[in-house]
Amino acid sequence: MHPRTMFRAVTLGMAATTLAPNAVSATKTTRPNIIFVLSDDVGIGDIGCYGSDNFRTPQIDALAKSGVRFAQCYSTPLCGPSRATILTGRYPFRTGMTHNQAGAVVRPENEIMIPRVLKPAGYASAQVGKWSQLQLRPSDWGFDEYLQFAGSGKYWPNQDPTYTLNGKTVRLQPGTYLPDVMHGFVVDFMTRHRNEPFYIHYAMSHIHGPILRTADSTRGSKDLYADNIAYMDKLVGRLVADLDRLKLRDKTLIVFVGDNGTARFGADRATIGGRRLSGQKGTLLEGGSRVPMIASWPGTVPAGKVTDALVDFTDFLPTFAALAGARLPEGVTIDGHDFGPQLHGKRQPGRDWVYVELNGKWYARSRDWKLNSAGQLFDMKDAPFVEAVVPKDTTDTKALAARKQLQAVLDQLNPAAGKQSVTAKTPGKKARKAAKRAAGQAQAAPAPRSVQQRQAERRALRRANRGRVPGNSGVPTTGTLTR
Ligand SMILES: [Ca+2]
């Protein structure tokens, strides 16, 4: 079968998606509101409690003190693939979102995102901020409400005088700082939905470039980058204060994450203990993917913990579904692992590897080792600063065992057989056009199916989209690795 036809067949199979009961069910009283705060281009070297030398983030540090700080959370190294991975719980080679220009292949007919998973459990949902690289409107993916800006790093009306509010174009008044408008939207949504569980996907502008003055920058500020980190930090503090005021704090899980590592122009200053991280945004190195992740839910998640539990970006969907008592999509591979036990401070081993992919290259990483798609094994004991290549002829038994373990992970995932057809080596204008053409052709060339198959797919999709959950058909989640 031609690879493209095969991908299409897999994709259409997924359209027959139903929802299966999650392994962990939650009672109505324990279901938290979930606010997922996704900062943009913020690596660990930008955050105080991760040891940043040059930046102060007192509010985010306080959030970490009130909950669990994850020392080893791994993102996809770039905005678009990260967001698709978070929202679907699936690796890029499954969704096809292997780089920023591949969004056209990720469609509601093929994929289910977090709000649609949580909806049957009674969650109202809102998307706030950046939605670029993803297709259609957030409402097409199940969000009840949204405030969306176009592109990335939008702050002031002279960049873009409008944003979209629930399908309507709204003008940003002169002198208005869009991040403040976004915060206002979040508070309004929380206030109106304070008596039911809600999920807010809060995709901040900060600190994606351009690095402009903030609403707090002094005239002639010499460090606009630090100003932007400070404003992001202030917004996190305001969010916590508003939850306190609404008496929702102990009913709400806040997860603060960076969508990928620090951008190139900020990476040299994002040092920890005087050392620069290996790589930066866009690279398959520690600086591309090792991001801050803090989870706070006072009274439920223990305070002041730091964990080295491994987390990657597929893990949010199954974790949130478990907390909400929602059912996971069935008949579709969800790659993520529920990190609920680690969230609750249990001494339970979590996953023992993470997987990171971008633009046709990938790696699997355990706590101490990393194996990439070129077959290079790295000793990561001095990560995130140094990634030391292990010589091919090594006789070190630990290195040999690590290679075997990680190769088995990559063999089982088999990303090369996934949706790599839209990969562009250097996504420029030409590559973007080629990806669009490829996506269009893939959409236009369905594999032959029977009338019955097509009817079954349409019925399943209608059920999933309505949020009406049929009973568990007993169909296992396909190809899922050990949880
Ligand atoms: Ca980003």
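None of the values given here were measured: they were computed from a predicted structure.

Enquirer: Please explain the overall build of the protein chain as it appears in this structure.
Expert: Of the regular secondary structure elements, the protein chain holds 14 helices and 17 strands. Considering the protein chain as a whole, with its 483 residues, one finds that 52% of them fall into the buried category. Considering only contacts within the protein chain whose residues lie at least 6 apart along the sequence, 70% involve residues at least 24 apart.

Enquirer: Honestly, the environment of Pro 341 in this entry has me stumped. Any pointers?
Expert: Along the chain, Pro 341 falls in helix α11 (residues 340-343). Pro 341 gets classed as partly exposed once you count the C-beta atoms within 10 Å, which come to 17. C-alpha of Pro 341 to C-alpha of Thr 319: the two residues are 22 residues apart in sequence and 9.5 Å apart in space. If we skip the residues at most four places from it in the chain, Pro 341 touches Lys 346 and Gln 348.

Enquirer: I'm lost on helix α12 (residues 397-413) in this one. Help?
Expert: Residues spaced three or four apart along an α-helix point in a common direction, a consequence of the helix completing one turn every 3.6 residues. The end-to-end C-alpha distance of α12, which contains 17 residues, comes to 25 Å, matching closely the 24 Å that a straight helix rising 1.5 Å per residue would cover. Residues of α12 that are buried include every one of Ala 402, Leu 406 and Leu 413, and no others. Around the axis of α12, the buried residues are gathered within 20 degrees of arc, so they sit on the same side. Seen from the buried face of α12, the exposed residues on the opposite side, beyond 90 degrees, are Thr 397, Ala 401, Lys 404, Asp 411 and Gln 412. The secondary structure elements touched by the buried residues of α12 are β13 (354-358), β14 (361-365), β15 (369-372) and β16 (377-379). One or two residues past the end of α12 sits Asn 414, with phi positive at roughly 50 degrees.

Enquirer: Teacher, can you tell me more about the sheet that holds strand β17 (residues 388-389) here?
Expert: The strands that make up a sheet pair up through hydrogen bonds in the backbone, lying either parallel or antiparallel. Spatial strand order, β13-β14-β15-β16-β17: 5 strands in an open sheet with antiparallel pairing. Strands with a single pairing partner mark the edges of an open sheet, and in this sheet they are β13 and β17. The pairing of β15 with β16 spans 3 bridges and is antiparallel. Within β16, the residue paired with Lys 370 across the bridge is Phe 378. The strands that α12 touches are β13, β14, β15 and β16; relative to β15, the one it contacts most, it runs at about 45 degrees.

Enquirer: How should the confidence of the model for the protein chain be read in this particular structure?
Expert: Detailed reading of the predicted coordinates is not advisable wherever pLDDT falls low. This prediction gives the protein chain a mean pLDDT of 86; 81% of its residues lie at or above 70. The low-confidence segment residues 20-25 (pLDDT under 50) makes 17 contacts with residues lying over four places distant or belonging to another chain. Per-residue pLDDT stays below 50 along residues 438-449; that stretch engages in 19 contacts with residues further than four places along the chain or on separate chains.

Enquirer: Would you mind going over the packing of helix α2 (residues 58-65) against helix α7 (residues 224-245) with me for this structure?
Expert: How two helices pack is summed up by the angle between their axes together with the distance between the axes. With their axes 7 Å apart at the nearest point, α2 and α7 run at an angle of 50 degrees to one another. Classed by the angle they form, the pair α2 and α7 counts as oblique. Contact with α2, carried on its side by Pro 58, Gln 59, Ile 60 and Leu 63, involves Asp 233, Lys 234, Val 236, Gly 237 and Val 240 of α7 and no other residues of that element. Of the residues belonging to the contact of α2 with α7, the class tally is 5 nonpolar, 2 polar and 2 charged.

Enquirer: Quick question: what am I supposed to make of the sheet that holds strand β3 (residues 68-74) here?
Expert: Pairing is mixed in the open sheet, where 10 strands are placed in the order β7-β6-β5-β4-β8-β2-β9-β10-β3-β11. Each edge of the open sheet is held by one strand with a lone partner, namely β7 (168-171) and β11 (305-312). The sheet shows a mean angle of 20 degrees between the axes of neighbouring strands, direction not considered. Note that strand β4 (residues 124-130) and strand β5 (residues 145-149) share 5 bridges and pair parallel. Residue pairing in the sheet places Ala 126 in a bridge with Glu 145 of β5.

Enquirer: How should I be thinking about the pairing of strand β2 (residues 33-39) in this particular structure?
Expert: A regular strand places its side chains so that they alternate between the two faces of the sheet. Of all the 7 residues making up β2, 7 are buried; the element is thus mostly covered by neighbouring parts of the structure. Neither face of β2 is exposed, since Asn 33, Ile 35, Val 37 and Ser 39 on one face and Ile 34, Phe 36 and Leu 38 on the opposite face are all buried. For β2 and strand β9 (residues 252-258), the ladder comprises 7 bridges, and the chain directions are parallel. Along β9, the bridge assignment pairs Phe 36 with Val 255. Across 5 bridges, β2 lies against strand β8 (residues 198-203) in parallel orientation. Paired with Ile 35 across the strands is Ile 200, a residue of β8.

Enquirer: Help me out: how do you make sense of the pairing of β3 in this one?
Expert: For β3, the buried fraction is high: 6 of the 7 residues fall into the buried class. In this sheet, strand β10 (residues 290-296) lies alongside β3 in antiparallel orientation, the contact comprising 5 bridges. Residue pairing in the sheet places Cys 73 in a bridge with Val 291 of β10. Bridge analysis of β3 against β11 gives 6 bridges, and the strand direction is parallel. Within β11, the position partnered with Gln 72 by the bridge is Leu 310.

Enquirer: Hey, could you run me through unusual backbone geometry in this one?
Expert: It is generally the case that most residues other than glycine have a negative phi and that most peptide bonds are trans. The amide bond that connects His 206 to the next residue, Ile 207, takes the cis arrangement and shows omega of 0 degrees. Relative to the helices and strands, Ile 207 is located in the loop between β8 and α7. The step from Gly 209 to Pro 210 runs through a cis peptide bond, and the omega angle for that step is 5 degrees. Within the fold, Pro 210 resides in the loop between β8 and α7. Within the chain, Asn 166 stands out as a residue other than glycine whose phi angle is a positive 50 degrees. Locating Asn 166 in the fold gives a position in the loop between β6 (162-165) and β7. Phi at Lys 247 takes a positive value of approximately 55 degrees, unusual for a residue other than glycine. Its place among the elements puts Lys 247 in the loop between α7 and β9.

The rules we used
- Just so you know, the residues in each chain are numbered from 1, in the order the chain's sequence is written.
- Given that the model is predicted, a residue must reach a pLDDT of at least 70 before its local features are reported, and side-chain atom pairs must reach 80 or more before they are shown or counted; all residues, however, enter totals for whole chains, interfaces and linings.
- In this description a helix means any DSSP run of H or I spanning at least four residues, a strand means any run of E spanning at least two, and both kinds are numbered starting from the N terminus.
- Using C-beta atoms placed from the backbone, we call a residue buried if 20 or more other C-beta atoms fall within 10 Å of its own, exposed if 12 or fewer do, and partly exposed for counts in between.
- It is the C-beta atoms, placed from the backbone, that decide contacts: two residues are in contact if theirs lie within 7 Å.
- Any helix carries an expected span of 1.5 Å times its number of residues minus one.
- Throughout, the arc means that of the directions going from the helix axis to the C-beta atoms.
- Only strands joined by at least two bridges in the DSSP assignment are considered to pair.
- Comment: axis = line fitted to C-alpha atoms, over the contacting stretch for helices; angle = value between 0 and 180 degrees taken between N-to-C directions.
- Per-residue confidence from the predictor is given as pLDDT, running between 0 and 100.
- Each angle is binned into one of four classes, with values under 35 degrees roughly parallel, values over 145 roughly antiparallel, values of 65 to 115 roughly perpendicular, and all other values oblique.
- Each residue gets one of three labels, nonpolar for Ala, Val, Leu, Ile, Met, Phe, Trp, Tyr, Cys and Pro, charged for Asp, Glu, Lys and Arg, and polar for the others, Gly among them.

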